[in-house]
Amino acid sequence: MSEFGEWPLKRLMTEVVGTGHKSAEDMTREQATEAMERILAGEPDHTTLGAFWLANRWKRNTPEELGAYVDVIAEDVAVAQPDADPVDCGANYDGKGRTAILGVGAGLVAAAAGTPVVAHSGDRVPTQKQDAYKHVLDELGVETDLAPEESAAMTDEVGFGFYYQPNFAPKLSGLEDRRDQMGVRTFVNTIETLANPAGASVHLGSFYHLPYAIRIIDTFQASESQAMDRVVMFQGMEGYDDIRPGSTTVAVWNRGADRTDEPGRDEAADGVEDFTIKTSEYGMDFEEADLGVDDVAADSATITEEVLTGERDDQFADAIALNAAFRIFAREDCADLDEGLEMAREAIENGEAAATLESLQAF
């Protein structure tokens, strides 16, 4: 008798998600749960798995399905919770290819200002297999191949912590070969950013369009394993957790928030406050192309070091300061972004940010 239930992926394809653009149906929580359990166990035929991932992509997953997936991968995640309650930064694991990764610098500045931050990523994750948090940290001489308990200790000691996916979610990381053969992103690219290995109560993420941000917020609410108290999402560059220059939408959800009753507002937006900022009003008076680099990992590391030590005062310094302000704002360690930006700039000017980088490198 099978260790699973009655819904192998082939049956889900032929009866539920794979029947066609108009006839495909959403899965129940139970069906999505069983599907993810089978995937992590390596049970499905490779062809069937690829077809299932693709069917989910064209159908688009509901928050209930994504929440079920998140709950299953949570059983694979080795959570090591630091004493600090950090902001969990959920950047896409498959990285960036054109612009600098600002999250390491922003996280260290936020930490220097009193807001602990954690980031997590893998190593050349499909489909883009580009530079991510790990690679910038490697270039800075920071140890990244850490056990989860070491990552938690780093967070408490430094104020900034990094969790490495192969060490905190080995089964999920083990899917990379299959994902690579797909050639396109799958729902795994979405749910791995929600793994929350530090057990944080605040999540900071990015989106291209507001409906996606609301879907992620609803996924957290549908999840039984992730008890987030606050989620802050903004429009990021290349899908990463670096805020894009220009007119940018921000979405904020707090647990227990009242439903937003606005004409035409989607029911899924319950409790979500969204607003638009102009980054030029916060010092980012330039275009996304101005943050471009040739070698993402190496150049991002150099930029991080030069900004934090005060050797650089240009568009990258402004961008790192604003991204740090968003991390401070996410944890509600400031009244608003203006105050968060003041705190970030002060942490750089008084040398605390440079000292925090040195502590990270010495860990």
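Just so we're clear, the structure is a prediction, and the values are computed from it rather than from any experiment.

**Regarding the environment of Asp-338**
So, step 1. Structurally, Asp-338 is set in helix 15 (residues 337–349).
So, step 2. As for Asp-338 and Val-232, which are separated by 106 residues in sequence, their C-alpha atoms are 16 Å apart.

**Examining the side chain of Arg-29**
So, step 1. Along the polypeptide, Arg-29 turns up in helix 2 (residues 29–40).
So, step 2. For Arg-29, a relative accessible area of 15% puts it in the buried group.
So, step 3. A polar side-chain atom of Arg-29 sits 2.3 Å from the main-chain carbonyl oxygen of Ala-222.
So, step 4. Apart from the residues lying within four places of it in its own chain, the contact partners of Arg-29 are Glu-64, Gly-67, Ala-68, Asp-71, Ala-222, Ser-223 and Glu-224.

**Points about helix 15**
So, step 1. Counted at 1.5 Å a residue, the expected span for helix 15 with its 13 residues is 18 Å, and the 18 Å between its end C-alpha atoms agrees.
So, step 2. When helix 15 is considered as a whole, its buried residues turn out to be Leu-337, Gly-340, Leu-341, Met-343, Ala-344, Ala-347 and Ile-348. All buried residues of helix 15 project into a common sector of 160° when viewed along the axis, lining one side. Looking at helix 15, the residues exposed on the side facing more than 90 degrees away from the buried face are Glu-342 and Glu-349.
So, step 3. Residues of helix 15 that are buried sit in contact with helix 5 (103–112), strand 7 (272–278), helix 13 (296–308), helix 14 (315–330) and helix 16 (352–362).
So, step 4. You can read the cap of helix 15 off the contacts: a side-chain oxygen lies 3.2 Å from the backbone nitrogen of Asp-338, and it is on Asp-336.
So, step 5. At the exit of helix 15 stands Gly-351, carrying a positive phi of roughly 90°.

What counts and how
Starting afresh in each chain, residues are numbered from 1 along the sequence in its written order. Residues qualify for local features only when their pLDDT is at least 70, as the model is predicted, and side-chain atom pairs are given and counted only at 80 or more; totals for whole chains, interfaces and linings, by contrast, use all residues. For the side-chain quantities, the full set of heavy atoms in the structure was used; hydrogens and water were omitted. Going along the chain from the N terminus, every DSSP run of H or I of four or more residues is numbered as a helix, and every run of E of two or more is numbered as a strand. Here's how the labels work: a residue is buried when its accessible area is under 20% of the maximum for its type, exposed when over 50%, partly exposed in between, all with a 1.4 Å probe on protein chains only. Under the rule applied, a polar contact is a pair of N or O atoms within 3.5 Å (in protein, one hydrogen donor and one hydrogen acceptor; residues adjacent in sequence only if both atoms are side-chain atoms). Pairs of residues are marked as contacts when any of their non-hydrogen atoms sit within 4.5 Å. One less than the number of residues in a helix, times 1.5 Å, gives the span that helix is expected to have. Arc, as used here, means the arc of the directions from the helix axis to the C-beta atoms.

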